[in-house]
Amino acid sequence: MIGGQKLPFDFTAAFQQDTVGRTCKTIHGPGAGIWFWSCFEGGARGTVASNDEAVTAVERAYTRYIVKADWG
């Protein structure tokens, strides 16, 4: 929220009661229309063409974090 107003194209991802990630659409500049995603746990992030892809990326990254897929 900015100034008490909810921003369009800016979403949080939750698992149970915890906020675990974010997706948001770039609306200005040369990257307008591109979706940014981030997973707060593990630090994964990226850009994709749609919010559906961004949601899937957050879900995949958080799942990898939970199952410790990248722990060596």
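Whatever comes next refers back to the structure up there.
Scope of this entry: the structure provided in the associated data block. (Residues numbered from 1 in each chain as written. Predicted model: local features only at pLDDT ≥ 70, side-chain atom pairs only at ≥ 80, totals over all residues. Heavy atoms only, no water.)

1. Focus on the nonpolar core
Counting 10 residues, the largest nonpolar core consists of Val 20, Trp 35, Trp 37, Cys 39, Val 48, Ala 54, Ala 57, Val 58, Ala 61 and Tyr 62. Elements represented by at least two residues in this core include exactly strand S3 (35-39) and helix H1 (51-66). At 5 residues, H1 tops the list of elements feeding residues into this core. Apart from the residues within four sequence positions on either side, Trp 35 is in contact with Phe 9, Phe 11, Thr 23, Cys 24, Lys 25, Gly 46, Thr 47, Val 48, Ala 49, Ser 50, Asn 51 and Ala 54. (Core = buried A, V, L, I, M, F, W, Y, C linked by side-chain atoms within 4.5 Å. Buried < 20%, exposed > 50% of the residue type's maximum accessible area, 1.4 Å probe, protein only. Helix = DSSP H or I, 4+ residues; strand = E, 2+ residues; numbered from the N terminus. Contact = heavy atoms within 4.5 Å.)

2. Topic: the sheet that holds strand S2 (residues 18-25)
With antiparallel pairing, the 4 strands of this open sheet are ordered in space as S1-S2-S3-S4. A strand with exactly one partner marks an edge of an open sheet, and here the two such strands are strand S1 (10-15) and strand S4 (45-48). Each strand of the sheet is rotated relative to its neighbour by a mean of 20°, with strand direction disregarded. Sheet topology note: the S1/S2 ladder contains 6 bridges and is antiparallel. Residue pairing in the sheet places Ala 14 in a bridge with Thr 19 of S2. Running over the sheet, H1 touches S1, S2, S3 and S4 and is turned about 15° from S3. (Pairing = 2+ DSSP bridges. Axes fitted to C-alpha atoms, helices over the stretch in contact; angles between N-to-C directions.)

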